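# Observations on the three-dimensional arrangement
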Amino acid sequence: MSEMWINMGPQHPMTHGLWNLRVKIDGEMILDVDPEMGYLHRGIEKISEDRHYNEVVTLMDRCCYVAGFAWEHLYILASEGALHIQPPERAEYLRVLCDEFQRIGSHIMWYAAFVQDLGLMSPFLYGMRDRDLVLDLFQSYTGARMTYEYMRVGGVRSDLPPGFTDRARQVLDWLTQRYEEYDQLCLGSTIFRKRCDDLGTLKAADCVAHGVTGPMLRAAGMKRDLRRDRPYAVYPQLDFDVAVADGADVTARYLVRMEELRQSVRILRQVVDWLDRHPGPVMAEQLPRWLGAPYAPVGAEGYLLKRNFPKGVGFSSVEEPHGEAQAYVVNEGGEHPYRVKFRSPVFANISAARQYLVGYHVADIPPIMGSVDVCVGEVDR
Amino acid sequence: MAPLTLYTVSNDLVSSLLTALGNAIPNPVGAWLKSPDLITGLSVLVFAAILLAASMLNTILLIWWERKLLGRFMDRRGAMHVGYAGLLQNFADGLKLFRKNTFQPREADSLGFYTGPAAYMVTSLILFGILPISSGWNSGALPLTLLLALAIFSFAPLFIFISAWSSNNKYSLMGGMRSAAQMIAYEVPILLAVVAVVIVAGSFDLTTIVYEQQNYWFWGPLVVALIVFVAGMLAEMERIPFDLPEAEAELVEGWNTEYGGMLFAFFMLADYLRALVGSILVVLLFLGGWTLPTWVPAAATSFPLAGIFWFMLKTYLVFGLFVWVRAALPRVRTDQLLRIGWNRMIPLSLLSIFLAALLVTVKCLPFLGCVPSPGS
Amino acid sequence: MSEVEAKPKANENPILFVARPMATAARQFARSLVRPSTIVYPFERLEDPKFRGQVAVAPGKPIGLGEVWDNYRGVHALNIETCISCNLCAFSCPDLCIDMVTVPGGDPKHPKKCPQIDYGKCSYCGFCSDACPEGCLTMTTRYELSVTKRADMVYSPQRLNEVFRTRLPMSPIRLARPANEDSILLDPPLCIGCNACSRDCPTECITMLDIPKPEAKPGEKFPKRIWKEPVINDSDCVRCGTCISVCPKECLFWGTRK
C-alpha cells in the first residue's frame, strides 16, 4: 500500500467531538497529520456582545460541555474585574466547590472516553456511573446536570440545600475507593502499559513552544498550575499539591490526571468543611441594578447609556481541567460586555498534534488523542 | 441397537412419513415416494434444517448470554425488556436489521461485496455439520473431523478480505489487511496446540478425542496447549483484546464499515457462530466434551439429553470466560499482536507438543497428572 | 503547596499480567449480581417521591439526589391566577422564547397577558422563574416533552397552568432582591398626568395624586395637562418597567431615590 491520506473525522469515534484529523499513512505508520477545527463554531464570543453580563453565563456552559463550571468561573472572574465587583467569600468557596467537583467530573469523563478508545468497555461505564454522582450533586444545588447557569457576576445564584455537605462527603468517600479500581484496571494491566508507555511523547520544551498547557504540560515535568502560580478565588487558603510526572507520554498524562483527581478530593474536603462552618451571603451587596438577582431587565432602551457606570477591562486565567483557559472582557459602560475573548487550552493542545502523533501507528491515534482530552466545544466556541 | 443420532432420528421420521404417504397414494407416485433415495435425500435435508435451527438458536442465545454477562461486568443489566430477561431482544434486533435497506457504496465491487458476507456465513455454518455436540448428535463418522473443522474455520480471512477490499473504503481495507494478517498468524499456534491434543488422544476424530477424556480431561495435563489455543481462538474470533480488525476507536467498524442492514447482521451472526465454534472446540479438545468426571453421581448423566445439556453448559461457561476477558482487558496493537503470535505463542505451542509427547511416553508428569495410553 | 510526583506503583508481576484487571472486573461482577447501579428509567423515576423512598442502590453507593431533586429546572408551571402580566419573564429570557399572549380574564381595555413558552428554543436557564416577582412562574421536575409536531413544543399559558395543576414538586429556590435596587423616579415638569402608568401598572402600586395647579404668572403658559402626578410605592413595585415603556412623555426613569 502506498501513502494515502485518510480523514479521521468529523464523524469518527476517535474525535470525541466534531473535528477532523487528516492522517497521512503508509501501511500502519503515521507520516503526517493535519488537524482541522471549526466544525462546531457557534460564535459564542460574538453572541456574548449582545447579551447581558449574566446571560453570557448560559453560553459558557455550552462552551465546554464537560467542564461548564470552569468556564463559568473563568468568564465571571473576568467580568467582575471589568465591572469592579467583589463577591463575598462564601460565594468564592462555592465557586471553588463547583470547580473542583467539575474537575473530578471532567477527569472521570476523560478516563471513561480514554479507556474506551483502548477497547476497554467496562471502565467506561464505571466512569460514567461515578461521574453521575457528581452530576447529582450539581443538580441538587443548581437544578441542572450539565448546563448549570449557577454563577452570577457578584456571587452565585443560590446557596447549598440542607444536607448537601454530608452527601458530598459520601460521594468523596465513594470516589476515593473507585480511583483504586481505575488504577487496577489500567496500570495493573500489562496490555495497558504496553500500549501507553513511551507513546505520544511531547517534551516540556515542545509544550512551551506550542502553548500546550494543563495535564499534558505537567506530564512533561513542568511544574505549572495556575491554581498555585497565579491564584484566583480562594485557592491560596487551600492546601493541595500540584501533580507532575516526568514521562511526557500517555502513561504520564494518565498518572497526572489520576493524581489530580485525588488532589481534588483533598481540596473538596477542606472546602466542604469551610462551608459547613461559615454561613453567609452568596451575592455581593452592591451591584448595578441590572445585575441584581432576581434578574430584572432594562425597562427603557438606552437607559444605561445615560448613566455613568465605571468602564474597565477584565482578564482572568483559570486552570481548567483541560489546561489554562483565559478570558478577556471589555466593559464600555453598557449593559452588555463590549468584547469577550477566550483562550481555549484544547485548541493549543490539539494544534500541536503533528509533534506527538507522527511516527506512531494508526492504532496509537485513539490513545494519544484520548490522552489530550479533547473537548471541541471550547476549541471552536 | 444402533446408536441414536440426530441423523437416524430424522431418517426415521422421514421414512415413516413417506412410507405412510406412499401407502396412501397409488403407484407410481407412491412407489417413488417410498424409494430409499428420496428418503435419504429428504432426511439429509431435515437433518440440515434441524442443525441450522439449532445452531442459529444457540448463536442468538450466545449473544444474549454475552449481553447479560457483560452487563453485570459493567454494572448494568443488559437486555431485559423483550421476552423474559430480554431473551427475545436479539430476535427483535435481527428483525429490525432484516427490515432495513441494504445499500452498496457507489464504487464498491458488487460481486465481492455481496458474496463476502454470504460465504463467511456459510463457511461458519458448515462447521456445525461436523462438530459432535453429544454422543447422539454427529451425522457421520469421519476420521478427520478435527482437521476438517480447523480447515473450514480458516477460510474466514479470505472472505473477510474479499468483502473488505470490495467495499472501496480505506478503513475497511485496513481492517481487512489486519484481519488477514492476524488470522493467518494465529492459525499456526492453534494448529500446533491441536497437535498436542492429537498426540495424547491418538486421533483426529473429535468423538474419539472426547472419549479419550472420559477419565482425564486434557486441560490439566495440556494446560500450555490450552492457553495457546484459547489465546489463538480469541484472535480468530476477533474479540477483545485481539479485535484489531474492527477496532472501532480508529477504524470505525473495521472491515464491515460499509455494511448495513441484513448484510451486517450476516457478519454479526457469523462472528458469533465462530465464537460458538471456538467455545465448542475448547470444550471438545480440553474439557471432556459431553462427559463428566467419574466421581459425579450417575443421576447427573442419566436424564434425557444429559450429554447435550452438559456440553452446552460447558460451552457457555467457556464463552463466559471470553466475555470476562473482554470486560477487563484493553486492545493490543497490531505489531504487538503479531509479535505475541509469532514470538510467544509458537514457542509455547512447540513446548506443549513436547510436553504432550513426554506425557504419552512416561504416562505421568508431576503436577500435571496422568493420561491413559491412547486407545486404551 | 508543593508538587507531588505521580508515579506508577511498583511494577507488576509479568506472570499476572492480566490477573489484576480481571480480578477487578470479577469483583464488580459480584457486586452487580446483587444489584447493578442502573436505575430502570421508565419504571423507576428519581423524581417520583414514591420511588425515592424505596430506592435501592448498589451496595455502598451514595444515594444520588433524594428530596433535592425538586430543584430541577424542567418544564415551567404557571399559576395564571396570580400572574400579574408584568412581562419580567419575557424580558429576562436570553433565548427570546417567551411571548406574552392574551388570556381571558382581563378587562377588554386592559387585557391580561401571560407567558407562552416555546420549548423548541428554551434553554432551561431559569432566568424567567428567578425574575418572576410573584412566584407564579416556576420550574418543575417534568423533563419529558417529546412531541411529533413542532407546534406542540409551544406551551400556551393554559397548558403551563395545567402543569401547575398537576402539583409536581416545584423549585423552592427564591432569590433575594438586591439591597441597592434602583427605583422608578419621576421627572415632574414633563408629566402630563395622563394616568397611563397607573392604569397599566401590574401591581397597582402607582396612585395618581392631585397636585395644586400653580398660579399662572402673566405671559406664562402651562402645558395642557391633568393636574395629577403618579406616586410610586417602592415596597410594592416589582421593577418591571411597564410604566416607563407606556409613558408617552418619557418622564419616568430609573434612579436611586434620595
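All values derive from a computational prediction rather than experimental measurement.

Another point: the overall build of chain B. Within chain B one finds 15 helices and two strands. With the principal axes as the frame, chain B shows a C-alpha extent of 65 × 60 × 40 Å. Looking at the 376 residues of chain B, the share that counts as buried comes to 48%. The contacts in chain B between residues at least 6 apart in sequence include a share of 78% that link residues at least 24 apart.

Helix and strand counts for chain C stand at seven helices and 10 strands. Burial statistics for chain C: of 258 residues in total, 32% are counted as buried. Long-range contacts, defined as pairs at least 24 residues apart, comprise 73% of the intrachain contacts of chain C with a sequence gap of at least 6.

All names here are of chain C. Once the domains are mapped, chain C shows domain 1 (38-55 + 64-175) and domain 2 (183-255). Put simply, the middle of domain 1 and the middle of domain 2, counted by C-alpha atoms, are 35 Å apart. With seven residues of domain 1 at the contact, the number on the domain 2 side is six residues.

Counting from both sides, the interface comprises 24 residues of chain B and, opposite them, 28 residues of chain A. Its residues assigned to classes, the side of chain B that touches chain A comprises 13 nonpolar, two polar and nine charged.

The next thing to look at is helix α12 (residues 261-286) of chain B. Each turn of an α-helix holds 3.6 residues, which means side chains three or four residues apart point in the same direction. With 26 residues, α12(B) should cover 38 Å at 1.5 Å per step; its first-to-last C-alpha distance of 37 Å lies within 8% of that length. Of the residues one or two after α12(B), Gly288(B) is the one with positive phi, at around 75°.

All names here are of chain A. Two elements, strand β7 (residues 312-320) and strand β8 (residues 323-331), share nine bridges in a ladder whose sense is antiparallel. From the neighbouring strand, Glu320 faces β8, where its bridge partner is Gly323. Linking β7 back to β8 in an antiparallel pair, the connection comprises two residues. Taken together, the five bridges between β8 and strand β9 (residues 339-343) define a ladder with antiparallel strand orientation. When the bridges of β9 are listed, Tyr328 appears paired with Lys341.

All right, on to the domain arrangement of chain B then. Residues and elements named next belong to chain B. One can read the domain layout of chain B as domain 1 (1-96) and domain 2 (100-370). Computed over C-alpha atoms only, the centres of domain 1 and domain 2 are separated by 23 Å. Elements with a contribution of two residues or more to the side of domain 1 that touches domain 2: α1 (6-24), α3 (36-73) and α4 (89-99).

Okay, the sheet that holds strand β2 (residues 20-26) of chain A next. All names here are of chain A. Strand order in the open sheet made by the three strands is β1-β2-β3, with antiparallel pairing throughout. Taken across any chain shown, the strands that pair with only one partner, and hence form the sheet edges, are β1 (4-8) and β3 (29-36). Between one strand axis and the next, the sheet turns through 25° on average, direction left out of account. Where β2 lies against β3, seven bridges are found, and the strand directions are antiparallel. Paired with Val23 across the bridge in β3 is Val33.

The next subject is the packing of helix α10 (residues 223-237) of chain B against helix α15 (residues 334-362) of chain B. Residues and elements named next belong to chain B. The N-to-C vectors of α10 and α15 enclose an angle of 145°; their axes lie 8 Å apart at closest approach. The element α10 and its partner α15 pack so that their crossing is left-handed. Of the residues in α15, those touching α10 at Val224, Ala225, Ile227, Val228, Ala231 and Gly232 are Met345, Leu348, Ser349, Leu351, Ser352, Leu355 and Ala356.

A few words now on unusual backbone geometry. Despite not being glycine, Ala85(B) shows a phi value in the positive range, around 50°. Assignment of secondary structure puts Ala85(B) in the loop between α3 and α4. The phi angle at Ser85(C) is positive, at roughly 60°, despite the residue not being glycine. Inspection of the secondary structure puts Ser85(C) in the loop between β2 (76-78) and α3 (88-92).

We now examine the environment of Asp271(B). Residues and elements named next belong to chain B. Mapping Asp271 onto the fold places it in helix α12. Looking at Asp271, the number of C-beta atoms within 10 Å reads 22, which means it is buried. In the structure, Asp271 is positioned 26 residues away from Pro297 in sequence and 37 Å away in space, judged by C-alpha atoms.

Direction vectors running N to C along helix α6 (residues 164-186) of chain A and helix α1 (residues 19-34) of chain C enclose 135°, while the axes themselves pass 7 Å from each other. As far as their axial angle goes, α1(C) and α6(A) are oblique. Packed against α6(A), whose contacting residues are Glu181(A), Gln184(A) and Leu185(A), the element α1(C) presents Arg20(C), Pro21(C) and Thr24(C) at the interface.

The next point concerns α6(A). Between its first and last C-alpha atoms α6(A) spans 32 Å; for 23 residues at 1.5 Å apiece the expected length is 33 Å, and the two agree. Buried residues of α6(A): Arg167(A), Ala168(A), Val171(A), Leu172(A), Leu175(A), Tyr182(A), Gln184(A), Leu185(A) and Cys186(A), and no others. Elements that come into contact with the buried residues of α6(A) comprise α4 (89-117), α5 (122-142), α7 (190-196) and α11 (250-277) of chain A, α14 (306-328) of chain B together with α1 of chain C.

Next up on the list: the nonpolar core. Counting 266 residues, the largest nonpolar core has Val197(B), Leu222(B), Ala225(B), Phe229(B), Val282(B) and Leu285(B) as its most contacted members. In terms of residues, this core owes the most to one element, α12(B), which gives 18 residues. Beyond its immediate stretch of four places on either side in the chain, Phe229(B) contacts Ile190(B), Ala193(B), Val282(B) and Leu285(B). Core analysis: the next-biggest nonpolar cluster, separate from the first, contains 10 residues, Ile184(C), Cys201(C), Ile206(C) and Cys247(C) among them.

Calculation rules
Each chain carries its own residue numbering, running from 1 in the direction its sequence is written. By the order in which they are written, chains take letters starting at A while ligands take numbers starting at 1. For a predicted model such as this one, the threshold for reporting local features is a pLDDT of at least 70, and the threshold for listing and counting side-chain atom pairs is 80 or more; totals across whole chains, interfaces and linings nevertheless cover every residue. To qualify as a helix, a DSSP run of H or I must reach at least 4 residues; to qualify as a strand, a run of E must reach at least 2; elements of each kind are numbered from the N terminus. Whether a residue is buried, exposed or partly exposed follows from its count of other C-beta atoms within 10 Å of its own C-beta, namely 20 or more, 12 or fewer, or something in between, respectively; the C-beta atoms are built from the backbone. What counts as a contact is two residues whose backbone-derived C-beta atoms lie within 7 Å of each other. An automatic or database domain assignment is the source of the domain bounds shown. Side-chain classes follow a simple rule in which Ala, Val, Leu, Ile, Met, Phe, Trp, Tyr, Cys and Pro form the nonpolar group, Asp, Glu, Lys and Arg form the charged group, and the remainder, Gly included, forms the polar group. To estimate how far a helix should reach, multiply one less than its number of residues by 1.5 Å. At least two DSSP bridges between two strands are required for those strands to pair. The axes used here are C-alpha line fits, helices contributing only the stretch in contact, and every angle between their N-to-C directions lies in the interval 0 to 180 degrees. A clockwise turn of the near helix away from the far one marks a right-handed crossing, whereas an anticlockwise turn of less than a right angle marks a left-handed crossing. Every angle not falling under 35 degrees, over 145, or within 65 to 115 is termed oblique; those three ranges are roughly parallel, roughly antiparallel and roughly perpendicular. Each nonpolar core reported here comprises buried Ala, Val, Leu, Ile, Met, Phe, Trp, Tyr and Cys residues connected via C-beta atoms within 7 Å.

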